[in-house]
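Tertiary structure, described
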Amino acid sequence: MTAVRIINWIARITGIITLLLGLTFWVTSINSIPGIHMLVGITFTLSFLILSIIMVFSSGVRLLGVIGIVYALIIPVFGVIQAGLLVGDLHWLIRLAHMLVGIGAMLVIQTIYTRYGHLKQPAQQTAAAS
Ligand code: HEM
């Protein structure tokens, strides 16, 4: 549970920083931001991937783990190819989709963490009682 909690906190912090960097780039177009954004975004994605792999080996959350692995692989692919998609007036749609995919990942991580916490709580209480 401790490792999962730490990974969840890394994902929370890097997810929020990634989102803030992305929004700052969207508003200001400062050229140095995407590089840092991608670095923090990859850390976020890796923590999501590791969390999902742990879930695949935990009964009761296996399906969420598989969904998480597929989702975590989509995030960087979309992030890297998005600059060339719908170039022109409609590019904001791609930017919006990229941001929503990122926010969606943060929600999936919290869903996984909450479900895992509920499953592990009775086991921890039993261990404490005995
Ligand atoms: C490995 C993960 C990620 C990669 C490789 C990546 C890559 C990028 C790149 C290259 C840009 C600049 C696009 C452009 O030049 O128009 C960008 C922008 C942005 N990213 Fe990400 N990103 C990642 C994860 C995330 C996540 C997790 C979020 C949200 C939680 C996010 C939110 C944004 C936002 C709001 C922008 C500004 C709007 C835009 O240009 O799309 N990104 N990202």
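Here the structure is a predicted model, which is why all the values come from computation and not from measurement.

Looking at the secondary structure, you find H37 in helix α2 (residues 33–56). Side-chain polar atoms of H37 contact the backbone nitrogen of G22, separated by 3.5 Å. Each residue touching H37, except ones within four places of it in the same chain, is listed here: T18, L21, G22 and H98.

Of all hydrophobic cores here, the largest spans 17 residues; its most connected members are V4, F44, F48, L51, M55, I109 and I112. For this core, the elements supplying multiple residues, two or more each, are α1 (2–28), α2, α3 (62–81) and α4 (91–129). A total of seven residues in this core trace back to one element, the largest contributor, which is α4.

What follows covers the coordination of the iron atom of the ligand. Here the iron atom of the ligand is held by the protein donor atoms H37 (NE2) and H98 (NE2), which lie 1.9 to 2.0 Å from it. Coordination at the iron atom of the ligand is octahedral, judged from the six donor atoms that bind it and the angles of 86 to 179° they form at the metal. Of this pair, H37 sits in helix α2 while H98 sits in helix α4, placing them 61 residues apart in sequence. On the basis of relative accessible area, H37 is assigned to the buried category, the value being 17%.

Time to look at the UniProt feature "transmembrane region" (unreviewed entry) in the protein. The feature "transmembrane region" (unreviewed entry), as given by UniProt, occupies residues 9–30, 36–57, 64–86 and 92–113 in the numbering adopted here. Across residues 9–30, helical content stands at 91% and strand content at 0%; the span's end C-alpha atoms are separated by 28 Å.

A separate point is the packing of aromatic side chains. To describe a pair of aromatic rings, one takes the distance between the centres and the angle between the planes. Tallied over the full model, the rule gives one aromatic pair. In this structure, R12 is placed above the aromatic ring of W9, and the distance from its NZ or CZ to the ring centre is 4.6 Å.

About the thresholds
Residues numbered from 1 in each chain as written. Predicted model: local features only at pLDDT ≥ 70, side-chain atom pairs only at ≥ 80, totals over all residues. Heavy atoms only, no water. Helix = DSSP H or I, 4+ residues; strand = E, 2+ residues; numbered from the N terminus. Polar contact = N/O pair within 3.5 Å; in protein donor to acceptor, adjacent residues only side chain to side chain. Contact = heavy atoms within 4.5 Å. Core = buried A, V, L, I, M, F, W, Y, C linked by side-chain atoms within 4.5 Å. Buried < 20%, exposed > 50% of the residue type's maximum accessible area, 1.4 Å probe, protein only. Donors = N, O, S within 2.8 Å, 3.2 Å for Na, K, Ca; no water. Tetrahedral: all angles 85-135°; square planar, octahedral: opposite > 155°, others 65-115°. UniProt positions renumbered as here; feature names shortened; annotations may be inferred. Phe/Tyr/Trp six-rings, centres within 6.5 Å; stacked < 30°, edge-to-face > 60°. Lys NZ or Arg CZ within 6 Å of the ring centre and 35° of its normal.

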